[in-house]
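A look at the structure
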Amino acid sequence: MNLLNVILSGRSPRRIQARFLRPALLAVLLLILLVSFAAAGVVEKKAALGGFDGFVERMGAGTRELGRGNTGSADTSAMPGAYWNPAILGFRQNLNYTLNGEKRDLDRTGGSLGIESSVGKRMGIGFAMLYRGDMDFKVIDDDDQTLGTATPFFSMMYLGFSYRATRRDAFGISLSMSYDNMDIAEYYEDENIELNDGYTSPVSLNLGWLRQWNEKWSTSVVIRNLSFSKNLSSRWTKTVSSDNSVPSTEGVRPKVLQIGAGYRSKVMGKPVYAWMEALDYQLADTLLVFDTHWHLWTARVGFECEIITDGTIRTGMDDRNFMVGLGYKFRIPIAKKKYLFDVNYALTYESEADLWNPLSFGLRGYIP
């Protein structure tokens with residue numbers, strides 16, 4: 001039915017506006033995403049996100065969220081909330097837990113866990129830990145001889161707090177700290193030099209806001225990786241050897257601005273959800289720089305639908321990575337209480353590297 005037919009039908013201007021405003025808003029959001037995707041094709045900038053650190057920034061945590069394009073900052077049920085957006089913790093009502101694990105191509109492994117709970121009626125607290133590692137990393141010397149196999153890994157911990165200022169608004173802060181271990185010190189040829197395998201970063205700050213506008217719309221803003229050092233940059237020195245005989249390296253985590261939106265509706269009586277996020281990685285060690293050469297823009301989009309009762313199918317994109325996912329909820333009655341948990345699966349295709357990651361599983365639940 002076109003606009004002329006609607007007018008002739010005698011519908012009120014308010015109903016006409018509601019009918020056409022919703023698609024217009026969705027079109028604007030999709031247009032913003034398309035612009036973000038077009039600006040995200042600078043490969044050399046992506047290298048600046050780092051190896052292990054970049055793993056966390058790019059892929060996030062949670063199998064459920066991974067299956068719908070790695071989106072979660074605007075979802076009050078995303079886990080672990082301390083990672084996605086600490087403001088999410090302000091909407092918690094029960095004791096929640098999540099456990100995720102994955103096996104990726106090139107012998108890469110990963111996982112995350114989270115525990116979070118409400119504190120009183122308006123506050124929430126949560127803990128999260130992320131893990132990434134390589135199971136078969138070949139150590140090669142200057143003569144291209146294989147010395148052995150290393151198993152480097154990276155872990156990051158989050159401790160989040162949130163306060164729900166109103167029924168719809170919550171603000172949060174999380175403290176994060178990383179530890180990485182390269183596992184190559186034993187292969188260093190000079191026996192007089194003792195190398196350090198492990199490095200611990202200083203504490204970084206992550207700030208979040210989330211508003212649940214109504215039953216359908218939600219928005220969020222997250223600022224990641226702030227520090228107490230100069231320019232609020234999360235930067236530190238990695239001491240390679242105990243006696244400083246080997247030049248030190250520098251660790252850095254880029255400042256990130258993450259803006260998210262969520263939309264909930266029904267199609268043919270089935271719950272349907274859409275999630276969208278735009279991210280800006282500032283790669284310069286300044287408080288705020290407007291030079292586009294020092295920014296990396298990217299976007300994420302995801303959709304999910306409850307096709308059967310308690311059964312959900314998902315799909316999404318994170319930049320040029322494609323994801324699909326499945327989930328199913330279980331309810332177990334124990335002592336007159338129902339314990340709800342769901343099992344999730346995600347399949348990822350990294351198009352730029354032409355890699356499939358078929359093994360991502362997650363468990364999440366609620367304890368009343």
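Residues numbered from 1 in each chain as written. Predicted model: local features only at pLDDT ≥ 70, side-chain atom pairs only at ≥ 80, totals over all residues. Heavy atoms only, no water.

This part is about the confidence of the model for the chain. In this model, the chain carries a mean pLDDT of 81, and residues with pLDDT of at least 70 account for 81%. The low-confidence segment residues 1-21 (pLDDT under 50) makes 11 contacts with residues lying over four places distant or belonging to another chain. In the predicted structure, residues 31-44 sits below a pLDDT of 50 and forms 21 contacts with residues beyond four places in sequence or in another chain. (pLDDT = per-residue confidence, 0-100. Contact = heavy atoms within 4.5 Å.)

Quick look at the side chain of asparagine 357 now. Here asparagine 357 lies in strand β19 (residues 355-367). Within the local environment of asparagine 357, its side chain forms a polar contact with the side chain of glutamate 350, the two groups lying 2.7 Å apart. Sequence-distant contacts of asparagine 357, that is, excluding residues within four places in its chain, are made with Arg104, Asp105, Arg108, Ala346, Leu347, Thr348 and Glu350. (Helix = DSSP H or I, 4+ residues; strand = E, 2+ residues; numbered from the N terminus. Polar contact = N/O pair within 3.5 Å; in protein donor to acceptor, adjacent residues only side chain to side chain.)

Relative to the helices and strands, arginine 168 is located in the loop between β6 (153-163) and β7 (169-181). Its relative accessible area of 25% is what places arginine 168 among the partly exposed residues. Residues within four places of arginine 168 in sequence aside, it is in contact with Phe91, Leu210, Arg211, Gln212, Trp213 and Asn214. In terms of polar contacts, arginine 168 uses its side chain to reach the backbone carbonyl oxygen of tryptophan 213, at 2.8 Å. (Buried < 20%, exposed > 50% of the residue type's maximum accessible area, 1.4 Å probe, protein only.)

Tyr83, Trp84, Ile88, Leu130, Tyr158 and Leu210 are the most contacted members of the largest nonpolar core, which has 15 residues in total. Broken down by secondary-structure element, the contributors of at least two residues to this core are α6 (81-84), β3 (123-134) and β6. (Core = buried A, V, L, I, M, F, W, Y, C linked by side-chain atoms within 4.5 Å.)

Evaluation of the coordinates by the stated rule reveals 15 salt bridges. With a shortest N-O distance of 2.8 Å, arginine 68 and aspartate 75 are connected by a salt bridge. Look at aspartate 75 and you get buried, because its relative accessible area is 3%. In this structure, arginine 211 engages aspartate 169 in a salt bridge whose closest nitrogen and oxygen atoms are separated by 2.3 Å. Of this pair, arginine 211 sits in strand β9 (residues 204-212) while aspartate 169 sits in strand β7, and the two are 42 residues apart along the sequence. When sorted by exposure, arginine 211 lands in the same class as aspartate 169, which is buried. By sharing partners, the salt bridges in this structure join Arg64, Glu65, Arg68, Asp75, Glu304, Arg314, Asp342 and Arg364 into a single network. (Salt bridge = Lys/Arg side-chain N within 4 Å of Asp/Glu carboxyl O.)

Let us now look at unusual backbone geometry. Note the cis peptide between methionine 79 and proline 80, where omega equals -5°. Its location among the elements puts proline 80 in the loop between α5 (63-66) and α6. At aspartate 319, a residue that is not glycine, the phi angle is positive and equals roughly 60°. Considering the arrangement of structural elements, one finds aspartate 319 in the loop between β16 (311-318) and β17 (321-334). Classification of aspartate 319 as buried rests on a relative accessible area of 9%.

The subject of this paragraph is the pairing of β7. Bridge count between β6 and β7: 11 bridges; the pairing is antiparallel. Counted as the bridge partner of tyrosine 158 is serine 176 from β7. Where β6 folds back onto β7 in an antiparallel hairpin, the turn is made up of five residues. Of the strand pairs in this sheet, β7 and β9 are connected by eight bridges, and their pairing is antiparallel. Bridged to serine 174 within β9 is asparagine 206. Pairing geometry for β7 and strand β8 (residues 198-200), over three bridges, is antiparallel. (Pairing = 2+ DSSP bridges.)

Moving on, we come to the packing of aromatic side chains. Here a ring pair, both rings aromatic, is described through the centre-centre distance and the interplanar angle of the planes. Here the structure, examined in full by the defined rule, presents 10 aromatic pairs. When the centroid spacing of 4.5 Å and the interplanar angle of 35° are considered together, the rings of tyrosine 349 and tryptophan 356 count as tilted. An aromatic cluster is built from Tyr83, Trp84 and Tyr158, whose rings are joined through pairwise contacts. The positively charged end of arginine 211 is found above the aromatic ring belonging to tryptophan 213, 4.3 Å away from the centroid. Across from the ring centre of tyrosine 83, 4.7 Å away, lies the NZ or CZ of arginine 224, which sits over that ring. (Phe/Tyr/Trp six-rings, centres within 6.5 Å; stacked < 30°, edge-to-face > 60°. Lys NZ or Arg CZ within 6 Å of the ring centre and 35° of its normal.)

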